[in-house]
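# Report on the structure
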Amino acid sequence: MSRPLIGVTTQRHPGTEAVKRGRPLYYVSHEYADRLRDVGGVPLLLPPGAPELEVLEHLDGVLFTGGEDVAPVHFAQAPHPRLGTVDAARDAQELPLARAAVARGLPVFAICRGVQLLNVALGGSLYQDLPSERPGAIAHDQPGAVDEESHAVEVASASMLGSLVPASLQVNSFHHQAVRDVAPGLRAVGWSPDGLIEALEGHEGWVLGVQWHPELMPGESHTALFRAFVAACAARRAPARA
Ligand code: MN
């Protein structure tokens, strides 16, 4: 059986003099692609810009990766004074891509910005600046190393996520925005101890978004998410190519 092809979204960088003589780049942290490969997926990087939805005809799943804030115009809010960096070209690509992927029933795995993007794409909203809009005891922008455990996530037992990981999971946390109102078509299945939504999933198919960065975390619980996603992509590919 041929391996599943999985789209991986990317972001733009202005470039530095040391790299490409300051010319802009499309890039993604290597761990996303590496973790997919580790469990049998073939990653295909998708640059920001035009959504190019025809790519979905060739893909068996899409991974929406971390990155900038989502522009609040897409969830009918005025920009907060502490809104972070946004990228209109990336929003313009990923929002239609997420809607189309879900509509086609493609497996979708959405990480950090990805879960926020997925929620907005399907009609939900975000906190634009967690520290001011939802001050709490938990720092969701951890100062330590990216693979350090930062807070717990309590997982709904009757959920796809709950079938993959323990009822309480330790995760890393570096996000500026977060899910506020959950979109129709999604439901919350994981929460940090301060009540913030840390995971969403679809009502049907394999659609999962997590607010932490499992691609950076050691441990079977985090690997299990990639393994289950790639298995779902492989299952979709098999009948299509039969
Ligand atoms: Mn968090």
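Quick look at the structure, then. Computed from a predicted model, the values in this text were never measured in an experiment. (Residues numbered from 1 in each chain as written. Predicted model: local features only at pLDDT ≥ 70, side-chain atom pairs only at ≥ 80, totals over all residues. Heavy atoms only, no water.)

## Thoughts on the coordination of the manganese ion
With distances of 2.2 to 2.3 Å, the protein atoms coordinating the manganese ion are His140 (ND1), His151 (NE2), Ser173 (OG), His175 (NE2) and Glu198 (OE). Coordination of the manganese ion draws on donor residues from a single chain, spaced H-x10-H-x21-S-x1-H-x22-E in sequence. With His151 in strand β8 (residues 151-155) and Glu198 in strand β12 (residues 197-202), this residue pair connects regions lying 47 residues apart in the sequence. Taken as a pair, His151 and Glu198 share a single burial class, namely buried. (Donors = N, O, S within 2.8 Å, 3.2 Å for Na, K, Ca; no water. Helix = DSSP H or I, 4+ residues; strand = E, 2+ residues; numbered from the N terminus. Buried < 20%, exposed > 50% of the residue type's maximum accessible area, 1.4 Å probe, protein only.)

## Topic: the packing of aromatic side chains
Taken as a whole and assessed by the stated rule, the structure comprises four aromatic pairs. Consider the rings of Phe109 and Phe226, whose centres lie 5.3 Å apart with planes at 70°: the pair is edge-to-face. Taken as a pair, Phe109 in strand β6 (residues 108-111) and Phe226 in helix α6 (residues 220-241) lie far apart in primary sequence, 117 residues in all. Given a relative accessible area of 0%, Phe109 falls into the buried group. For Phe226, a relative accessible area of 0% gives the class buried. (Phe/Tyr/Trp six-rings, centres within 6.5 Å; stacked < 30°, edge-to-face > 60°.)

## Structural notes on the sheet that holds β8
As summarised here, the arrangement of the nine strands in space is β4-β1-β5-β6-β13-β12-β11-β8-β9, forming an open sheet in which the pairing is mixed. The strands lining the two open edges of the sheet, one partner per strand, are β4 (42-46) and β9 (168-171). Looking at each pair of strands side by side, their axes are set apart by 25° on average, direction ignored. Pairing between strand β1 (residues 5-9) and strand β5 (residues 61-64): three bridges, direction parallel. Paired with Val8 across the bridge in β5 is Leu63. Here helix α3 (residues 113-121) sits on the sheet in contact with β5, β6, β11 (186-191), β12 and β13 (207-210), set at roughly 120° to β6. (Pairing = 2+ DSSP bridges. Axes fitted to C-alpha atoms, helices over the stretch in contact; angles between N-to-C directions. Contact = heavy atoms within 4.5 Å.)

## Thoughts on the side chain of Glu94
Its location among the elements puts Glu94 in helix α2 (residues 88-103). For Glu94, the side chain forms a polar contact with the side chain of Thr9, separated by 3.0 Å. In this structure Glu94 touches Thr9, Thr10, Phe64, Arg113 and Leu117, once residues within four positions along its chain are discounted. (Polar contact = N/O pair within 3.5 Å; in protein donor to acceptor, adjacent residues only side chain to side chain.)

## Considerations on the packing of α2 against α3
Packed helices, taken two at a time, are described by the angle their axes make and the gap between the axes. The contact between α2 and α3 brings their axes to 9 Å, and the two run at 70°. Taken together, the axis directions place α2 and α3 in an arrangement best described as roughly perpendicular. With respect to the hand of their crossing, α2 and α3 are arranged in right-handed fashion. Between α2 and α3, the contacting residues are Arg90, Asp91, Glu94, Leu95, Ala98, Arg99 and Val102 on the first element and Arg113, Leu117, Leu118, Val120 and Ala121 on the second. Split by residue class, the contact of α2 with α3 holds seven nonpolar, no polar and five charged. (Parallel < 35°, antiparallel > 145°, perpendicular 65-115°, else oblique. Left-handed = near helix turned anticlockwise from the far one by under 90°. Nonpolar A, V, L, I, M, F, W, Y, C, P; charged D, E, K, R; others polar.)

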